[in-house]
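Chains, contacts and geometry: an overview
Below, each chain spelled out in residue letters.
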Amino acid sequence: PKDQTTEIPIVMYPSVVFPGATLQLQAFEFRYRIMMHTLLQQGLKFGVIYCGKNGRMADVGCIVHAIECERLIDDRFFLTCVGEDRFRVIEIVRTKPYVVARIQVLNDRPISEPQDDLGSLMQQVEQHLKNVAMLSDKLNLNLNQKLRGDHQAEQFRRMHSAASFSFLIARLFIDDRLEQQALLQMNDSTQRLAREGMYLERRSKYLAAIAAIKDAFQHLSCNEK
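Okay, so let's go over this structure. (Residues numbered from 1 in each chain as written. Predicted model: local features only at pLDDT ≥ 70, side-chain atom pairs only at ≥ 80, totals over all residues. Heavy atoms only, no water.)

Some points on the overall build of the protein chain
Scanning the protein chain for helices and strands turns up 6 helices and 6 strands. Starting at the N terminus and ending at the C terminus, the protein chain contains elements arranged as β-β-α-β-β-β-β-α-α-α-α-α. Relative to its full complement of 225 residues, the protein chain shows a buried share of 42%. Long-range pairs, those at least 24 residues apart, make up 65% of the contacts in the protein chain between residues at least 6 apart in sequence. Of the roughly 12800 Å² of accessible surface on the protein chain, a fraction of 51% belongs to carbon and sulfur atoms. One way to put it: in the protein chain the 29 positive side-chain charges average out to a point 4 Å from where the 27 negative ones average out. (Helix = DSSP H or I, 4+ residues; strand = E, 2+ residues; numbered from the N terminus. Buried < 20%, exposed > 50% of the residue type's maximum accessible area, 1.4 Å probe, protein only. Contact = heavy atoms within 4.5 Å. Areas by Shrake-Rupley, 256 points an atom, 1.4 Å probe, with all protein chains shown as cover. Lys, Arg positive; Asp, Glu negative; His and termini not counted. Charge placed at Lys NZ, Arg CZ, Asp CG, Glu CD.)

Shown next as C-alpha cells:
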C-alpha cells in the first residue's frame, strides 16, 4: 500500500544522496557503531538525509543498502552502499543512541507525457549538458572528468529511464546542495528533468559569459603586444 510506513535508522550526511548513487561511509562515531551492530542482525538498510551547515535535517532522504561491510579492528565499519528509494520522514521515533524515524517510501508519479515529448525533453537536457561540458572544458574547469565529449552525454541518456536519468544529472552535474535537495523532493521525473534543464541552461549562459570575458581580455592583451 502506498501509505504504508516503516521505521528505519537515519544517518545525517553533508551531501544529498540519490537513488542509484554509490556511497562509501565510515561508521566511527559511537552511535553509528551501535547502529551497525543492530543492522548486521536486521539487514543492512538505513536512511541517509542531507544535513546542511545549519544542522537542520531535511525531511526527504534516500534509503541505502550496504552491499559491502568491512569491520575494522577498532570496531569501526567501512561501508559501500547503493541508493535505493526516496523517502519522507513522517516522525522521529527516537534520537538515542541514534536517530530512528518512521518513514514513507516515495515513488515518482507515472509519466503522463507522450513518449516523444519525454524523449525531446531528455534530449534538451542532454544538449544543455553538452554545452556546460564544452564551456567547462574551455575554461579548464573539472566537469569534463565526469563527462568526456558528446558521445558520453548521449550514452547517459540512452542508458537510463527518465527517472534514473534525472537522478544521474542531479547527482553529477548540479553543484548546489539546496538545488539537489529540491530535486530529490520532487515526485515527478518530467518536472525534475525540466528543472534540471533550466539549471544547466543558466549554468551554460554563465560559463559562456565568463568565456567571452576571458576571450576579450586575451584579445586586448594580444593587441597591446
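A look at the nonpolar core
Of all hydrophobic cores here, the largest spans 28 residues; its most connected members are Phe18, Met122, Val125, Phe165, Ile169, Leu193 and Leu200. Contributions of two or more residues to this core are made by α2 (115–138), α4 (162–173), α5 (177–185) and α6 (189–224). Ranked by residue count, the leading element in this core is α2, at 7 residues. Excluding anything up to four places from it in sequence, Ile169 contacts Val125, Leu129, Ile174, Glu196 and Leu200. (Core = buried A, V, L, I, M, F, W, Y, C linked by side-chain atoms within 4.5 Å.)

Some remarks on the pattern of salt bridges
Summed over all chains, the structure comprises 14 salt bridges. In this structure, Lys138 and Asp215 form a salt bridge, with 3.3 Å as the shortest nitrogen-oxygen distance. Of this pair, Lys138 sits in helix α2 while Asp215 sits in helix α6, placing them 77 residues apart in sequence. For Asp215, a relative accessible area of 34% gives the class partly exposed. A single salt-bridge network, built from bridges that share partners, covers Glu7, Glu91 and Arg102. (Salt bridge = Lys/Arg side-chain N within 4 Å of Asp/Glu carboxyl O.)

Things to note about the layout of surface pockets
Approximately 280 Å³ is the volume found for the largest pocket. Around the largest pocket, the lining is made up of 14 residues, and of these Tyr50, Gly52, Asn54, Arg56 and Leu178 lie nearest the centre. Residues belonging to the lining of the largest pocket are distributed by class as follows: 6 nonpolar, 4 polar and 4 charged. Estimated volume of the second largest pocket: approximately 220 Å³. Lining the second largest pocket are 15 residues; nearest its centre among them are Val11, Met12, Leu25, Gln26 and Tyr32. Mapped by element, the contributors of at least two residues to the lining of the second largest pocket are β1 (5–13), β2 (22–27) and α1 (30–42). At 4 residues, α1 tops the list of elements feeding residues into the lining of the second largest pocket. Looking at the lining of the second largest pocket residue by residue, the class counts come to 12 nonpolar, 1 polar and 2 charged. (1 Å grid on protein atoms, 1.4 Å probe; cavity = no way out; pocket = protein on both sides within 12 Å on 5 of 7 lines; lining within 4 Å. Points joined across faces, edges and corners; volume = space filled by probe spheres on them. Nonpolar A, V, L, I, M, F, W, Y, C, P; charged D, E, K, R; others polar.)

Digging into α2
Given a rise of 1.5 Å per residue, 24 residues ought to cover 34 Å, and the 35 Å separating the end C-alpha atoms of α2 matches this to within 8%. All of the buried residues along α2 are Leu118, Leu121, Met122, Val125, Glu126, His128, Leu129, Lys130, Val132, Ala133, Leu135 and Ser136. Positioned one or two residues after α2, Asn140 has a phi angle of 55 degrees, which is positive. (Expected span 1.5 Å × (residues − 1).)

Observations concerning the packing of aromatic side chains
Per the counting criterion, the structure on display carries 1 aromatic pair. With 6.2 Å between their ring centres and 40 degrees between their planes, Phe18 and Phe167 make a pair best called tilted. Separated by 149 residues along the polypeptide, Phe18 in the loop between β1 and β2 and Phe167 in helix α4 bring together distant segments of the chain. Each member of the pair, Phe18 as well as Phe167, carries the same accessibility label: buried. (Phe/Tyr/Trp six-rings, centres within 6.5 Å; stacked < 30°, edge-to-face > 60°.)

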